[in-house]
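So you can see what is in the structure, the chains are spelled out below.
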Amino acid sequence: MSMSIPGSTAIHDIGYRHYDGPRLGRAYVLRSLFVHNLRAVYGLGRPAKAKVMPFLLSAFMLVPAAGSIAVVALSKRPELLIGYSKYAVFLQVLIAIFLASQAPVLAARELRSHVVPLYFSRPVGRLDFVAAKYAALTTALFLLMAAPVTLLYVGALVTRDQTKPNSGGPGGGPLSDGSTKGSSVGEHTLHVLGGLAGCLVFALVLAGIGLVVAAFTPRRGFGVAAVMAIYMVSSVTVIIVQGIAESTGNYGLAGWVGLFTPFNLVDIVQVKLLGADRAAPFVPSSWLGGPVAALICVALIAGSITILSARFQKAGTS
């Protein structure tokens, strides 16, 4: 069908039809964004070189756990098993590299390509956009840490009946992480759940820090360097201050200074609120250490979401 208009101009019907199917709603949009971002973290749907770093680091994270299980099986000494809650602190360098390499993938690509306005031209709110990215990176970090912890748990149960009857921790008693022959399956399960809860807190805090830093450095190389710089500067500074405090006998200061680096911060939460063994060199001796550390974690998470929302909102209107 065509319509003629005076002046030899015509409007032609090219068969366009309005969409009249089902509207899947906000939940579907959130789920789609989450899956898309989670796939992006692991390089799925992207060139092979994008998959190398995330999968290689994930494999490296499993090696110490497998080695620890092998040592326990051969030596019959369950106290040599790495503690569930200590694993992330011991492997923090690998976790920091994973965060630095993958946070810019989620936070910087749309900013660098100037496509954020296209997302917001659809019914996608800025909080939905940020929540999907935050949840995807948190999930990826949690899987990175939870997989070896779960492997340790399985290894502890498998080797449980092969170890010496009364072996315990370095001090002769059972380990609080549950890695002893005398512990029941229920106790092992309770301790590994505490370890997984710690992994979730680590993931939430680290994801927020990584995304905020990467969102203000659109070039991926600069984003990687910036995230690693934040990790290294905070860690080295805290180590130096704690060393000085220890040399002067000020152990209280050494414990509280740990609040200024993310891995020590979350370890304080694990020790004071989840009853885990200490992995960081120092933690506050006061019971206030746990609530204060937890409040700082909550503030970091909430602050990260707020900053990211403002950042992407500005990019979406520019």
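Predicted, not measured: the structure shown is a model, and the values here were computed from it.

Thresholds, definitions, all that
- Residues numbered from 1 in each chain as written.
- Predicted model: local features only at pLDDT ≥ 70, side-chain atom pairs only at ≥ 80, totals over all residues.
- Heavy atoms only, no water.
- Helix = DSSP H or I, 4+ residues; strand = E, 2+ residues; numbered from the N terminus.
- Buried < 20%, exposed > 50% of the residue type's maximum accessible area, 1.4 Å probe, protein only.
- Contact = heavy atoms within 4.5 Å.
- Areas by Shrake-Rupley, 256 points an atom, 1.4 Å probe, with all protein chains shown as cover.
- Salt bridge = Lys/Arg side-chain N within 4 Å of Asp/Glu carboxyl O.
- Phe/Tyr/Trp six-rings, centres within 6.5 Å; stacked < 30°, edge-to-face > 60°.
- Lys NZ or Arg CZ within 6 Å of the ring centre and 35° of its normal.
- Expected span 1.5 Å × (residues − 1).
- pLDDT = per-residue confidence, 0-100.
- Core = buried A, V, L, I, M, F, W, Y, C linked by side-chain atoms within 4.5 Å.

## A look at the overall build of the chain
Each helix and strand counted, the chain has 12 helices and two strands in total. Within the chain, buried positions represent 43% of all 318 residues. For the chain, long-range pairs separated by at least 24 residues make up 74% of all intrachain contacts whose partners lie at least 6 apart in sequence. For the chain, the accessible surface area stands at approximately 16200 Å², while carbon and sulfur atoms represent 68% of it.

## Some points on unusual backbone geometry
Although it is not a glycine, Lys76 adopts a positive phi angle of roughly 60°. Within the element layout of this structure, Lys76 appears in the loop between helix 2 (49–75) and helix 3 (87–90).

## Quick word on the pattern of salt bridges
Proximity of charged atoms lets side chains of opposite charge pair with each other. Within this structure, the stated rule accounts for one salt bridge. Residues Arg77 and Glu79 are paired through a salt bridge, measuring 2.8 Å at the closest nitrogen-oxygen approach. The exposure class of Glu79 is buried, given its relative accessible area of 18%.

## Some words on the side chain of Gln270
Inspection of the secondary structure puts Gln270 in helix 11 (residues 262–273). What Gln270 contacts, discounting residues up to four positions off in sequence, is Ser85, Gly195, Gly198, Phe202, Gly275 and Ala276.

## Observations concerning the packing of aromatic side chains
One pass over the full model with this rule turns up six aromatic pairs. Plain terms: the ring middles of Tyr42 and Phe55 are 5.7 Å apart, the flat faces sit at 50° to each other, and that makes the pair tilted. Taken as a pair, Tyr42 in the loop between helix 1 (25–41) and helix 2 and Phe55 in helix 2 lie far apart in primary sequence, 13 residues in all. Relative to Phe98, the ring of Tyr42 lies with its centre 6.4 Å away and its plane at 55°, an arrangement referred to as tilted. Of the two residues, Tyr42 sits in the loop between helix 1 and helix 2 while Phe98 sits in helix 4 (residues 92–107), which places them 56 residues apart along the sequence. Of the two residues, Tyr42 and Phe98, neither departs from the other in class, the shared state being buried. Members of the aromatic cluster, joined through ring pairs, are Tyr42, Phe55 and Phe98. The ring of Phe216 carries Arg311 above its face, with NZ or CZ at 5.3 Å from the centroid.

## What to know about helix 4
For helix 4, which comprises 16 residues, the first-to-last C-alpha distance of 22 Å matches the rise-based estimate of 22 Å (1.5 Å per residue) to within 8%. Within helix 4, 14 of the 16 residues are buried, leaving the element largely enclosed by the surrounding structure.

## Section: the confidence of the model for the chain
With 85% of its residues at a pLDDT of at least 70, the chain reaches an overall mean of 85. Within the chain, strand 1 (residues 2–5) has the poorest average pLDDT of any element, 49, and helix 3 the best, 96. Below pLDDT 50 for its whole length, residues 165–182 participates in 43 contacts with residues either more than four positions away or in separate chains.

## Considering the nonpolar core
Within the largest apolar cluster, 74 residues are counted, with the highest numbers of intra-cluster contacts made by Ile95, Leu141 and Met145. What Met145 contacts, discounting residues up to four positions off in sequence, is Met61, Ala88, Ile95, Cys199, Phe202 and Ala203.

## Quick word on the environment of Ile305
By secondary structure assignment, the location of Ile305 is in helix 12 (residues 289–317). Separated by 171 residues in sequence, Ile305 and Tyr134 place their C-alpha atoms 8.0 Å apart. Apart from residues no more than four positions distant in its own chain, Ile305 is found in contact with Leu127, Val130 and Tyr134.

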